[in-house]
Amino acid sequence: MNLTLQLPTMREFMHNGRNLLLRRRTVIASADRVLITALVSMVDDIGRLAGAATSEREALTCLRGGNADLLICTDLLESGNGPSLVTAARSLRPDLQTLMLIQRPLRSTIEAAIDAGCNGLCSRERVGNGHLLRAVQAIDSDDTVIDPVIAGVLRHSRLSAGRSATLSASLSLREEDVLRGICRGLTNQEIADQLHLSIDTVKHAVSALLRKLEARDRTQAVVIAFRNDLVDLPAKLPRWTT
């Protein structure tokens, strides 16, 4: 695939992502020494690094000692684990935004991360090529994000059967299309682009479907959607003409 024509957009995206990290104070936590070194180098080059640790206890010490507003962690730590760290971190700093890089793409791990209140879930394999910056940007604009790999794990696990008929009937066609976009791991802007809607219309639809699904956020909406078999994802979202 020739991406030459997309280079200006890619450069703009990287520029915006770097500007976003410049406004953040970030703590990084992972048992993966290679990953943590790469993340520390990236954040330290273009942002403000508040601390780095390999265990849950050490990461919490970093958070207590500074004014971090972003935690990037993996599910695997040398002691403790990512979901437990996020639960404790959000108790310590309720306004903290958290992005978890999932190394073990298991349903139990993903559900634990969602229950802990993670703002974003991203596959460890998608950290490169700007995907990490994209996830941070999506959290900043949409508050929560779940990438396509993680959404796919939830979809194929199908979870347990639920109240699908009642929930499906309560959603409008447009809300169902927006829900499909969320379940594909798309941001609000990406959904707006594919459905040819305004970003405000998509945000309104997201708020409405979260209320109807009784979901706390987008990641919980994905779990509810797959648990109740609400979506059967098409290759591309349909186009709205009005």
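Keep in mind it's a predicted model, so treat the numbers as computed, not measured.

Novice: An account of the overall build of the protein chain is requested, with residue identities and associated values reported.
Specialist: Within the protein chain one finds 12 helices and six strands. Across the protein chain, contacts joining residues at least 24 apart in sequence account for 71% of those joining residues at least 6 apart. About 11,600 Å² of surface is accessible on the protein chain, with carbon and sulfur atoms providing 50% of the total.

Novice: Requested: an account of helix H5 (residues 107-116), with residues and values cited.
Specialist: Looking at H5, one finds that the buried residues are Thr109, Ile110, Glu111, Ala113, Ile114 and Ala116. Positive backbone phi, at 95 degrees, marks Gly117, one or two positions downstream of H5.

Novice: Account for the nonpolar core, with residues named and values stated.
Specialist: With 51 residues, the main nonpolar core has Leu121, Val178, Leu179, Leu209 and Leu213 as its most contacted residues. Every residue in contact with Leu179, bar those within four places of it in the chain, is listed here: Leu171, Leu209, Leu213, Ala221, Ala225, Leu230 and Val231. The next biggest cluster of nonpolar side chains, apart from the first, holds 17 residues, and it includes Leu35, Val43, Leu101 and Leu132.

Novice: So what's going on with helix H3 (residues 56-65)? Which residues, and what values?
Specialist: Here H3 has its buried residues at Glu56, Ala59, Leu60, Cys62 and Leu63. The buried residues of H3 occupy one face: seen down the axis, they fall within an arc of 155 degrees. Opposite the packed face of H3, turned more than 90 degrees from it, sit the exposed residues Arg57, Arg64 and Gly65. Where H3 is buried, its residues meet strand E1 (25-29), strand E2 (48-53) and helix H4 (82-92).

Novice: Would you mind going over the sheet that holds E2 in detail, with residue names and values included?
Specialist: Read across the sheet, six strands follow the order E2-E1-E3-E4-E5-E6 without closing on themselves; strand pairing throughout is parallel. A single partner strand is all that each edge strand has here, and the edge strands are E2 and strand E6 (145-146). Bridge count between strand E3 (residues 70-74) and strand E4 (residues 97-102): five bridges; the pairing is parallel. Note on E4: the bridge partner recorded for Ile72 is Leu99.

Novice: Describe unusual backbone geometry, and please don't skip the residues or the numbers.
Specialist: A positive phi angle is found at His196, which is not glycine, with a value near 60 degrees. Summarising the element assignment, His196 is placed in the loop between helix H10 (188-195) and helix H11 (199-213). The class of His196 is partly exposed, set by a relative accessible area of 44%. Although it is not a glycine, Glu214 adopts a positive phi angle of roughly 55 degrees. Inspection of the secondary structure puts Glu214 in the loop between H11 and helix H12 (218-227). Its relative accessible area of 61% is what places Glu214 among the exposed residues.

Novice: Could you give an account of the state of the cysteines, with specific residues and numbers?
Specialist: Per the stated rule, a full pass over the model turns up zero disulfides. Note on Cys118: no disulfide assigned, nearest cysteine sulfur contributed by Cys73 at a separation of 5.9 Å.

Novice: Before we move on, can you summarise the layout of surface pockets with the specific residues and values?
Specialist: The gaps left among the atoms become clear once a water-sized probe is rolled over them. Of the volumes computed, that of the second largest pocket is approximately 210 Å³. Among the elements of the structure, strand E5 (120-123) and helix H6 (131-142) are those that each provide at least two residues to the lining of the second largest pocket. The biggest single contributor to the lining of the second largest pocket is H6, with four residues. Residues of the lining of the second largest pocket, tallied by class, amount to seven nonpolar, three polar and five charged.

Novice: Describe the environment of Leu154, and please don't skip the residues or the numbers.
Specialist: Structurally, Leu154 is set in helix H7 (residues 148-157). What makes Leu154 buried here is its relative accessible area of 0%. Aside from chain neighbours lying at most four places away, what touches Leu154 is Arg107, Ile110, Ile114, Ile146, Val222, Val223 and Phe226.

Novice: Could you give me a rundown of the pattern of salt bridges, with the residues and numbers involved?
Specialist: Overall, the coordinates contain 10 salt bridges when judged by the stated rule. Here Arg33 ties to Glu78 by a salt bridge, and the two come within 2.7 Å at their closest N and O atoms. With Arg33 in helix H2 (residues 33-46) and Glu78 in the loop between E3 and H4, the pair connects residues that are 45 residues apart, well separated along the chain. Ionic pairing is found between Arg216 and Asp217, a salt bridge with its closest N-O pair at 3.3 Å. Salt bridges here are not isolated pairs; linked through shared partners, they connect Glu176, Asp177 and Arg180.

Analysis parameters
Residues numbered from 1 in each chain as written. Predicted model: local features only at pLDDT ≥ 70, side-chain atom pairs only at ≥ 80, totals over all residues. Heavy atoms only, no water. Helix = DSSP H or I, 4+ residues; strand = E, 2+ residues; numbered from the N terminus. Contact = heavy atoms within 4.5 Å. Areas by Shrake-Rupley, 256 points an atom, 1.4 Å probe, with all protein chains shown as cover. Buried < 20%, exposed > 50% of the residue type's maximum accessible area, 1.4 Å probe, protein only. Core = buried A, V, L, I, M, F, W, Y, C linked by side-chain atoms within 4.5 Å. Arc of directions from axis to C-beta. Pairing = 2+ DSSP bridges. Disulfide = S-S within 2.5 Å. 1 Å grid on protein atoms, 1.4 Å probe; cavity = no way out; pocket = protein on both sides within 12 Å on 5 of 7 lines; lining within 4 Å. Points joined across faces, edges and corners; volume = space filled by probe spheres on them. Nonpolar A, V, L, I, M, F, W, Y, C, P; charged D, E, K, R; others polar. Salt bridge = Lys/Arg side-chain N within 4 Å of Asp/Glu carboxyl O.

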